[in-house]
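Residue-level structure breakdown
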Amino acid sequence: QVQLVESGGGLVQAGGSLRLACAASGSTFSRYTMGWFRPAPGKEREFVAAGSKSGVLTCYEDSGKGRFTISRENAKNTVYLQMTSLLLEDTAVYYCAATNAGSNSWYVTAVYDYWGQGTQVTVSS
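Now for a quick tour of the structure.

Thresholds applied
Residues numbered from 1 in each chain as written. Predicted model: local features only at pLDDT ≥ 70, side-chain atom pairs only at ≥ 80, totals over all residues. Heavy atoms only, no water. Phe/Tyr/Trp six-rings, centres within 6.5 Å; stacked < 30°, edge-to-face > 60°. Helix = DSSP H or I, 4+ residues; strand = E, 2+ residues; numbered from the N terminus. Buried < 20%, exposed > 50% of the residue type's maximum accessible area, 1.4 Å probe, protein only. Lys NZ or Arg CZ within 6 Å of the ring centre and 35° of its normal. Polar contact = N/O pair within 3.5 Å; in protein donor to acceptor, adjacent residues only side chain to side chain. Contact = heavy atoms within 4.5 Å. Pairing = 2+ DSSP bridges. Axes fitted to C-alpha atoms, helices over the stretch in contact; angles between N-to-C directions.

**Overview of the packing of aromatic side chains**
Scanning the entire structure with this criterion turns up five aromatic pairs. Relative to Tyr-112, the ring of Phe-37 has its centre 4.9 Å away and its plane inclined at 80°; by these criteria the two rings are edge-to-face. Remark: Tyr-112 occurs in the loop between strand S9 (92-99) and strand S10 (114-115) and Phe-37 occurs in strand S4 (residues 33-40); sequence separation between them is 75 residues. Here Phe-37 and Tyr-112 have matching classes, each one buried. Counting every residue linked through ring pairs, the aromatic cluster contains Phe-37, Phe-47, Tyr-112 and Trp-115. When the ring centre of Trp-115 is taken as origin, the NZ or CZ atom of Arg-45, which lies over that ring, is 4.7 Å away.

Here is the structure:
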């Protein structure tokens, strides 16, 4: 079992930055690939980013490439999502999740076994 708690959300102006954090407890954090998701029209949640157990391998949804960076500190059991150049359409609740799935499935919500409660990001004009 892994418990995940997100933080760092808030209100930011378009073009600004936020860093989300997700703290894990209950199991060995370094065993899991970590992902970030957010709701999207027509979907329960859409993939935002994921990073491998070591943090070396990462992948991003197209709209986040060049603007979002996923990283992790295994010693602190924490994964981060640095978001820059924020757009109005980035407004959403952001969820972190943990999986043992292979990298070809990281964008699939169903492969994630553990989810946090989410943190709200609101981008204003």
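**Topic: the side chain of Thr-78**
For Thr-78, the position within the fold is in strand S8 (residues 78-83). Within polar-contact distance, the side chain of Thr-78 engages the backbone oxygen of Lys-76 at 2.8 Å. If we skip the residues at most four places from it in the chain, Thr-78 touches Ala-21, Cys-22, Ala-23, Phe-29, Ser-71, Arg-72 and Glu-73.

**Examining the pairing of strand S11 (residues 119-124)**
Alternating residues of S11 divide into Thr-119, Val-121 and Val-123, all buried, and Gln-120, Thr-122 and Ser-124, none buried. As paired strands, strand S2 (residues 10-13) and S11 are joined by four bridges and run parallel to one another. Opposite Gly-10, over in S11, you have Val-121 as the bridge partner. Looking at chain direction, S9 and S11 are connected through three bridges and run antiparallel. Bridging from a neighbouring strand, Ala-92 pairs with Val-121 of S11.

**Focus: the sheet that holds strand S3 (residues 18-25)**
The sheet built from four strands is open, its strands ordered S1-S3-S8-S7 with antiparallel pairing. The outermost strands of the open sheet, each flanked by one partner alone, are strand S1 (3-7) and strand S7 (68-73). For this sheet, the mean angle separating the axes of adjacent strands, direction not counted, is 20°. Where S1 lies against S3, five bridges are found, and the strand directions are antiparallel. Bridge pairing in S3 places Leu-4 opposite Ala-24.

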